[in-house]
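Okay, here's what each chain looks like letter by letter:
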Amino acid sequence: MGPADARTAITLEVDGERRSLLVDNRTTLLDALREGLGVTAPKKGCDHGQCGSCTVLLDGRRVTTCLTFAVANDGAHILTSAGLAEGADLHVMQQAFLDQDGLQCGYCTPGQICSAVGMLDEVKSGHASYVTGDLAAEPELSDEEIRERMSGNLCRCAAYSNILAAIRQAATP
Ligand code: FES
Ligand code: FES
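Since we're looking at a predicted model, the values are computed, not measured.

This next bit is on the overall build of the protein chain. For the protein chain, the count of helices and strands is 5 helices and 5 strands. In the protein chain, the succession of helices and strands from N to C terminus is β-β-α-β-β-β-α-α-α-α. A compact globule built from 173 residues would reach a C-alpha radius of gyration of about 16 Å, and the protein chain, at 17 Å, matches this within 12%. For the protein chain, the C-alpha atoms occupy an extent of roughly 55 × 40 × 30 Å along the three principal directions.

Set out below in structure tokens:
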């Protein structure tokens, strides 16, 4: 067996469930989830790290799953947009997208929601963005900040103003 045929057994925790699978070492995490485990919440848009539709929360941080190999994430805890709700209770970000009509076709939405949840945590942890003026101060969640921090998530339906309103709603105590 040559290196190109190499397979590895890995285990992932996906939305609270432990899942094991054998992957070709060249398999992206996105393909392992969708094709290997039938987890279809993360969507394949570009498969090149450009659209954000494949975003999940990986060990608590937002990650584009088309840009990382499954074998590199053995043992990782993955939360998809489908795993954010607590039973029948929607996550505040999911509810906000519904309330604010933050979607049209919905294809980008699972990635937008995971990214928005991860983004708010980054702000809470004091991470600056490209448009943060004062790097020493607590970042403020202006519309400009939200747009910049969500700029890795594209929406072909251009529902951006409602996505912004949804994130603002979820971020407002
Ligand atoms: S499918 Fe991963 S960024 Fe587009
Ligand atoms: S709602 Fe259609 S791509 Fe965003």
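Here we have 5 strands laid out as an open sheet, ordered β2-β1-β5-β3-β4, and mixed in their pairing. A single partner strand is all that each edge strand has here, and the edge strands are β2 (17-24) and β4 (61-64). When strand polarity is set aside, the average angle formed by the axes of neighbouring strands in this sheet is 40°. Pairing between strand β3 (residues 55-58) and strand β5 (residues 77-79): 2 bridges, direction antiparallel. Following the sheet pairing, Leu-58 is matched in β5 by Ile-78. Where helix α1 (residues 29-37) meets the sheet, its contacts fall on β1 (7-14), β2, β3 and β5, and the angle it forms with β2 comes to roughly 105°. Strand contacts of helix α3 (residues 109-124): β3, β4 and β5, with the helix running at about 40° to β3, the strand carrying the most contacts.

This paragraph deals with unusual backbone geometry. The phi torsion at Asp-15 lies on the positive side, around 50°, for a residue other than glycine. Here Asp-15 is to be found in the loop between β1 and β2. The phi angle at Asp-101 is positive, at roughly 60°, despite the residue not being glycine. Counting through the fold element by element, Asp-101 comes out in the loop between α2 (92-99) and α3.

Structurally, Glu-122 is set in helix α3. For the pair Glu-122 and Arg-149, spaced 27 residues apart in sequence, the C-alpha separation works out to 9.5 Å.

Time to look at the side chain of Thr-109. Here Thr-109 shows up in helix α3. With sequence-adjacent residues up to four places away left out, Thr-109 is seen in contact with Phe-97 and Leu-103.

Okay, the pattern of salt bridges next. Under the defined criterion, the tally for this structure stands at 6 salt bridges. Of the charged contacts in the structure, one is a salt bridge between Glu-145 and Arg-149, with a shortest N-O distance of 2.8 Å. Of this pair, Glu-145 and Arg-149 are both found in helix α4 (residues 143-149), 4 residues apart, which corresponds to roughly one turn of the helix. Each member of the pair, Glu-145 as well as Arg-149, carries the same accessibility label: buried. Bridged by salt links that share partners, the residues Asp-31, Lys-44 and Asp-47 form one connected network.

About the cut-offs
- Residues numbered from 1 in each chain as written.
- Chains lettered and ligands numbered in written order.
- Predicted model: local features only at pLDDT ≥ 70, side-chain atom pairs only at ≥ 80, totals over all residues.
- Heavy atoms only, no water.
- Helix = DSSP H or I, 4+ residues; strand = E, 2+ residues; numbered from the N terminus.
- Rg over C-alpha atoms; globule rule 2.2 N^0.38 Å.
- Pairing = 2+ DSSP bridges.
- Axes fitted to C-alpha atoms, helices over the stretch in contact; angles between N-to-C directions.
- Contact = heavy atoms within 4.5 Å.
- Salt bridge = Lys/Arg side-chain N within 4 Å of Asp/Glu carboxyl O.
- Buried < 20%, exposed > 50% of the residue type's maximum accessible area, 1.4 Å probe, protein only.

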